[in-house]
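# Structure assessment
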Amino acid sequence: MSLENVTAALTEPPGPAGEAAGERGARLRLRAFADNRLAVAGLVVVVLLTLFSFVGPLLYHTDQIHTRLTMETLPPGPGHPLGTDNVGYDQLGRLMAGGQTTLEVAFGAAAFAVIVGVLWGATAGYLGGIADGLMMRIVDALLAIPALLLLLFLATVFRPSVVMLIIVVGLTAWLVPARLVRGEALSLRNREYVLAARTMGVRTPTIIYRHIVTNSIGTIIVNATFQVADAILVVAALSFLGLGVSPPATNWGAMLSDGLNYTFSGYWWLTYPPGLAIVVTVVAFNLIGDGLRDAFGLSARLR
Amino acid sequence: MLEVAGLRVDIRLRRGAVHAVQDVSLRVAAGETIGIVGESGCGKSTLGLALAGLLPAPAVARGSIRLGGRELVGLSESELRAVRGAEVGVVFQDPMTSLNPTQRIGAQVGEALRLQRGASKQAARDAAADMLDLVGLPQPREQLDRFPHELSGGMRQRVVIASALICEPRLLIADEPTTALDVTTQAQILDLFGRLRQELGMATLLITHDMGVVAGHTDRVFVMYAGREAETGSTTSVFETPEHRYTGALLGSILRMETAHLAPLATIPGRPPDLTLELAGCPFAPRCPAATDRCRRDFPAVTADGGHQWRCHHPLTEPAPSSQAREASS
Amino acid sequence: MTRFLIRRCAQAVVVLVLVSIIVFGLLHLLPGGPARAILGTHATPSNVAAFNKANGLDQPVPAQYWHWLTGVLSGNLGFSYQQNQTVAALLANRIPKTAFLAGVSVVLAVLVAVPVGLYQAVRRNKADDYVVTTVTFVLYSTPAFWVGLLLVDVLAVRLHVFPAEAPQGSFSAILSHPNAMVLPVLTVTLVTIAAFSRYIRSSVLDELAQDYVRMARSKGAGQGVILFRHVLRNALSPVVTLLGLSLPFILSGTLITEQVFNYPGVGLLAFNSATNQDYPVLLGVVLVVGVATVAGSLLADIAYAMLDPRVRYTTAGGGSR
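Residues numbered from 1 in each chain as written. Chains lettered and ligands numbered in written order. Predicted model: local features only at pLDDT ≥ 70, side-chain atom pairs only at ≥ 80, totals over all residues.

## Focus on the overall build of chain A
Along its length, chain A carries 14 helices and zero strands. Along chain A, helices (α) and strands (β) appear in the sequence α-α-α-α-α-α-α-α-α-α-α-α-α-α when read from the amino end. Here chain A, with 303 residues, has 49% of them falling under the buried criterion. Within chain A, contacts between residues at least 6 apart in sequence are counted, and of these 74% link residues at least 24 apart. (Helix = DSSP H or I, 4+ residues; strand = E, 2+ residues; numbered from the N terminus. Buried ≥ 20, exposed ≤ 12 C-beta atoms within 10 Å, placed from the backbone. Contact = placed C-beta atoms within 7 Å.)

If you want it as structure tokens, here you go:
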């Protein structure tokens, strides 16, 4: 057994206030989450929408590449359960294709934001002092600029694709997890088990990972869930500003914004399906986030 | 003064009810201090909240709580409100969080007087200053305009006590009032309770997990286990001749000068039972070294010797059951 | 308190410097550098070289930054060759309009969100709390532009109550058409209420669970006394911080709303500049908004310190007033 393992074993972290230790704690949280009917409903919705977007196209084949202008804006009916859009794509099939992009970007951007934010925040909080001060001022400075403005700028420079959107949205979204984790790290860095690990010569990256990140896991998971919800809304806003992915690729936000040009023509099937898909998905992720937050016993102010 | 008879408190949760307090009866005379002792989760704090009329919404009290002849169980919220602060004062565990951080000391100490007696601002201020003086805060007048964070923990607990006693209630409930304080301050606060009792003559219910706190500062002890009475009696008799094996175990867990070098500090193995289940038999049986089949089957009836009573099939003053009897069932 | 103020102001200065570095960095991040960004893609190499020389862009980067920063500090935010106007002039025309839209909406949002959040917290887990929570939850999860267009659809197109387009022209022209301001203001307000009431509900619930509330109850305080004399102040002081922190969020909502209603504010200016690749203007907006946010959160923190005696007194080393 290496020295590091001894320290880890000796100082098995009790975790931040209110956290039950180890597996028993995890089981308790799982049960608390499962008790929260709204959160479970949110989870079910997310699973269903994911299946709809990714498995749906395998069962329901539509052409989402070639436009057919003769078939534009057909109302829902046989052959097209949700009608067709302004360039003749089948709207139900498009909803699936758009769902794929939306969820890919949302999950990707959330993962990107959380990974960068956690590393940044944990490092700043653990190091403390001047390094912390400078790192957090950088976060403050970036937070001071509305994400949408920054995205507007970035989107004019980089041509939007799924990967680009993930990076661009992630780049503006990592600031909140960085702040949250930094706060946790500040309170964790002076715990006995962290001090013990440090005196025993455990390397800083190891301490940050094993003690700071591991013990902030509740905050991190909860924030990641909210990040997915936020990313969907940000992508929708970008699409509305004309900065989404380029056709024939699409996402729900782009479908909604395109459809809104026809609001006053009465083509409800162009707006309501993608619009409601966005609302339902975002609500679902927010419900899951709320449920996880309560299960981890975190403050309700942590949105 | 305070008479509690057959009190039960159930806390209704989605996964069934927690029977937090079961069939508790006790009497406290004016000017008397009684210690309620037990491990955390034994229902002692719930008992305190029930007596203060402060049970949270999902909790239901049944039985009888008579304070100065008046029945408290079944009173409406507004009737209870008139009792709180006026007839019963409460001191909670943590003085750091018991005070409103954005309100000045004077307003918080005088609050009950203003609410319950309709005192004017000035009258409440004067009374608050007197009360702060009584609880031993230096320069009480100057403290009135301070905020809680400007005081030390011990001083804050004195402020909490002052605000609980401003209306001179008949009953003071102190729930772990010294647990959050350092040892020197603990002793000062406990002595303060003794002095206040002499000067104001209220009955005091001192809730604690610490037998050491009970020892020098109470007249009687009420030992609770799993929401039930285990043993009651005068502090002297319970400490000198403990009968219930749980009381014995609690006493074994405090350090005694004369035996410290002989035996290591005893701890009680195991955990208190799950209070959502209806228990048959003695609730302490699973952790009791002397438990027999009878303990596991029948809840012990009260045995009394004068004012000293206990619920135990094999009290400490009788010889322990043979190992044969203990292993019969397992 | 004084120490806190000094520390906090020093922080704000550092953040401002970083904001300026970010904006300066963005200008240099553009393909072809700032000259191409400012002059446009059709400029000849000799034009670019002349521009670089004239603006000190042939100097080392720190010197360029210093040159740019001193310019900004003296009010020179750059020049838009596309619109043939200084960025400062363009912004000066737009800022009051956006400030008006955002300001009115935020005030309304706070006026509604505080009582709603308080009500929700008090009625926690009762039917009416569920209804209000559901409404705010759904509103919070709906893209702001859709909220705006649904309002247009119902209130302008179907019911003809309010005009669908925001008033145009100068600031005073806008003020003279309050009717046309209703839908834009309503949009920003609704989106903001959704976020705020959720926060306030949580904030009040957190406070209601505090020990001092139980202590107040034990002294005979009723629901009203607890709510208004104890909880409200403690629950609302974080709202001040929230206001400071959510300035970027509110401005993002305003930007979208300006686009929906074609309201001639800073957001629409930024959007049009982005589409026309008019970078001096876009970055001018970024800079001004960044500075406004830093100032806003500084003010919020100072206000919070005034409200919270723990900050007000401890750092001043002091007892009573």
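## Section: the interface of chain B and chain C
On the side of chain C, 22 residues touch chain B, which itself brings 28 residues to the contact. Elements with a contribution of two residues or more to the side of chain B that touches chain C: α2 (77-83), α3 (95-98), α4 (105-117) and α7 (153-165) of chain B. Tallied by class, the residues present in the side of chain B that touches chain C amount to 12 nonpolar, eight polar and eight charged. (Nonpolar A, V, L, I, M, F, W, Y, C, P; charged D, E, K, R; others polar.)

## Digging into the interface of chain C and chain A
With 42 residues of chain C at the contact, the number on the chain A side is 37 residues. Where the side of chain C that touches chain A is concerned, the elements lending two or more residues are α1 (2-29), α6 (127-140), α7 (144-158), α9 (178-208), α12 (247-261), α13 (266-275) and α14 (279-307) of chain C. Here the residues of the side of chain C that touches chain A sort into 29 nonpolar, 10 polar and three charged.

## Concerning the sheet that holds strand β2 (residues 16-28) of chain B
Whether parallel or antiparallel, the strands of a sheet pair through hydrogen bonds between backbone atoms. Residues and elements named next belong to chain B. A sheet is described by the order of its strands in space; here four strands give the open sequence β2-β1-β4-β5, paired in antiparallel fashion. Of all the strands in the sheet, the pair left with one neighbour each is β2 and β5 (70-71). As paired elements, strand β1 (residues 2-13) and β2 share nine bridges and run antiparallel to each other. Of the residues in β2, the one forming a bridge with E3 is R27. (Pairing = 2+ DSSP bridges.)

## Thoughts on the pairing of strand β10 (residues 228-234) of chain B
Residues and elements named next belong to chain B. Across the seven residues that make up β10, a large majority, six, are buried. In this sheet, β10 lies alongside strand β9 (residues 220-225) in antiparallel orientation, the contact comprising six bridges. Its bridge partner being in β10, R220 is matched across the sheet by S234. In textbook terms, the turn of a hairpin is the stretch between consecutive antiparallel strands, and for β9 and β10 this stretch comprises two residues, one of which, A226, has a positive phi near 50°. Note that β10 and strand β12 (residues 308-310) share two bridges and pair antiparallel. Across the sheet, the residue bridging to E231 is W310, located in β12.

## Describing the confidence of the model for chain C
Residue and element names in this part refer to chain C. Mean pLDDT over chain C stands at 83; residues scoring 70 or higher make up 94%. Overall, residues 314-321 carries pLDDT values under 50, and its contacts beyond four positions in sequence, including any with other chains, amount to 12 contacts. The ipTM assigned to the predicted complex is 0.85, against a pTM of 0.80. (pLDDT = per-residue confidence, 0-100.)

## Brief notes about the arrangement of the chains
Among two pairs of chains with at least one contact, chains A and C form the most extensive contact set. Kept free of each other, chain A and chain B leave a smallest C-alpha distance of 9 Å between them.

## Looking at the sheet that holds β9(B)
Residues and elements named next belong to chain B. Pairing within the open sheet is mixed, and its eight strands lie in the order β6-β7-β8-β3-β9-β10-β12-β11. Bordering the open sheet on either side are β6 (88-91) and β11 (303-305), each of which pairs with just one other strand. Across this sheet, the average inter-strand angle for adjacent strands is 15°, counted without regard to direction. As judged from the four bridges shared by β6 and strand β7 (residues 171-175), these two strands associate in the parallel manner. By the bridge assignment, G89 is partnered in β7 with L172. Against the sheet, α7 contacts β6 and β7, and its axis sits at roughly 170° relative to β6. (Axes fitted to C-alpha atoms, helices over the stretch in contact; angles between N-to-C directions.)

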